[in-house]
Amino acid sequence: MRGNKTADRAFYAASELGDFSLIWHLVGVARGLTSEQRADEALRLSAVLAAESVLVNGVVKSFFRRKRPVWEAVDPRPHRLRTPRSSSFPSGHASAAFTAATLLAEDSTMAPLYYGAAAFVAMSRTYVKIHHASDVLAGAATGLVLGRIARKIWPKSE
């Protein structure tokens, strides 16, 4: 699929929106504007994502020195992309995406949408060749676990 202009735009955009968990903070804020309870959930989401980032990008990645895939194409990337300097394993984008999806999906009829968006952001990292597939799978699993732990430690307010 690489080289398809529509796919390139979609996957590069998803990868960029995943930087610093921007997409998840935007979703949290948008939901938070609808009620006080959802405002509390937006705060919870942002705090948990900050903790997830410190843990995964600051601690977990320091145990691994996996190199990122090499862009072997003759042509440059079709879109600009920030390339992290940290270890490739596990994917922080995937971890953040699935942590956010786990929190956002709690008691929500939109759960499939949140997990679908998380999967798309996670897959984008392989598509743009910033991560190996195993990095993304490990990141997704990490995010699911961290999301569940966060739900236990900091339950949603009723």
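The present account deals with the structure reproduced in this document.

The rules we used
Residues numbered from 1 in each chain as written. Predicted model: local features only at pLDDT ≥ 70, side-chain atom pairs only at ≥ 80, totals over all residues. Heavy atoms only, no water. Helix = DSSP H or I, 4+ residues; strand = E, 2+ residues; numbered from the N terminus. Rg over C-alpha atoms; globule rule 2.2 N^0.38 Å. Buried < 20%, exposed > 50% of the residue type's maximum accessible area, 1.4 Å probe, protein only. Contact = heavy atoms within 4.5 Å. Areas by Shrake-Rupley, 256 points an atom, 1.4 Å probe, with all protein chains shown as cover. Polar contact = N/O pair within 3.5 Å; in protein donor to acceptor, adjacent residues only side chain to side chain. Phe/Tyr/Trp six-rings, centres within 6.5 Å; stacked < 30°, edge-to-face > 60°. Salt bridge = Lys/Arg side-chain N within 4 Å of Asp/Glu carboxyl O. Lys, Arg positive; Asp, Glu negative; His and termini not counted.

Right, let's talk about the overall build of the protein for a bit. A count of helices and strands for the protein gives six helices and zero strands. Traced from its N-terminal end to its C-terminal end, the protein shows the element sequence α-α-α-α-α-α. A globule of 158 residues ought to have a C-alpha radius of gyration of about 15 Å, and the protein, at 16 Å, matches this closely. Judged by the C-alpha coordinates and their principal axes, the protein covers about 55 × 35 × 20 Å. Within the protein, buried positions represent 42% of all 158 residues. Here the analysis covers contacts within the protein between residues at least 6 apart in sequence; of these, 78% occur between residues at least 24 apart. As displayed, the protein offers around 8900 Å² of accessible surface, 64% of which is attributable to carbon and sulfur atoms.

Before going further, it helps to examine the environment of Thr126. With respect to the helices and strands, Thr126 occurs in helix H5 (residues 111–127). Taking the C-alpha atoms as reference, Thr126 lies 7.3 Å from Val136; in sequence the two are ten residues apart. Setting aside its immediate chain neighbours within four residues, Thr126 contacts Arg2, His131, His132, Ala133 and Val136.

This brings us to unusual backbone geometry. In this structure, the amide linkage connecting Phe89 to the following residue, Pro90, adopts the cis form with an omega of -15°. Among the structural elements, Pro90 can be located in the loop between helix H3 (36–59) and helix H4 (92–104). Positive phi outside glycine occurs at Ser21, with the angle close to 60°. By the secondary structure assignment, Ser21 is in the loop between helix H1 (5–18) and helix H2 (22–32).

Take Lys156: it is sitting in the segment after helix H6 (133–153). With 87 residues separating them along the chain, Lys156 and Pro69 place their C-alpha atoms 39 Å apart. Other than its neighbours up to four places away in sequence, Lys156 contacts Gln37, Glu41, Arg44, Glu106 and Asp107. One polar contact links the side chain of Lys156 to the main-chain carbonyl oxygen of Glu106, over a distance of 3.1 Å.

Looking now at the packing of aromatic side chains. This structure, assessed with the given rule, holds four aromatic pairs. Here Phe11 and Phe120 contribute two aromatic rings whose centre-to-centre distance is 4.6 Å and whose plane-to-plane angle is 20°, an arrangement assigned as stacked. In this pair, Phe11 sits in helix H1 while Phe120 sits in helix H5, placing the two residues 109 residues apart along the sequence. Plain terms: the ring middles of Phe64 and Phe89 are 4.7 Å apart, the flat faces sit at 65° to each other, and that makes the pair edge-to-face. Taken as a pair, Phe64 in the loop between H3 and H4 and Phe89 in the loop between H3 and H4 lie far apart in primary sequence, 25 residues in all. A relative accessible area of 33% places Phe64 in the partly exposed class.

With that settled, consider the pattern of salt bridges. Here the idea is simple: oppositely charged side chains can pair when their charged atoms come close. Enumeration over the complete set of coordinates arrives at six salt bridges. Linking Arg31 and Glu41 is a salt bridge whose minimum nitrogen-to-oxygen distance equals 2.7 Å. Of this pair, Arg31 sits in helix H2 while Glu41 sits in helix H3; the two residues are ten residues apart in sequence, bridging distant segments of the chain. Each of the two residues, Arg31 as well as Glu41, counts as buried. With a shortest N-O distance of 3.9 Å, Lys156 and Glu41 are connected by a salt bridge.

Below, the discussion takes up the side chain of Arg125. Mapped onto the fold, Arg125 is located in helix H5. For the buried residue Arg125, which engages in no salt bridge, the nearest side chain bearing the opposite charge is Asp19, 4.4 Å off. In contact with Arg125, other than residues within four places in its own chain, are Ser15, Asp19, Pro84, Ser91, His93, Ile130, His131 and Val136.

What follows covers the side chain of Arg44. The residue Arg44 is located in helix H3 in this model. One polar contact links the side chain of Arg44 to the main-chain carbonyl oxygen of Trp154, over a distance of 2.8 Å.

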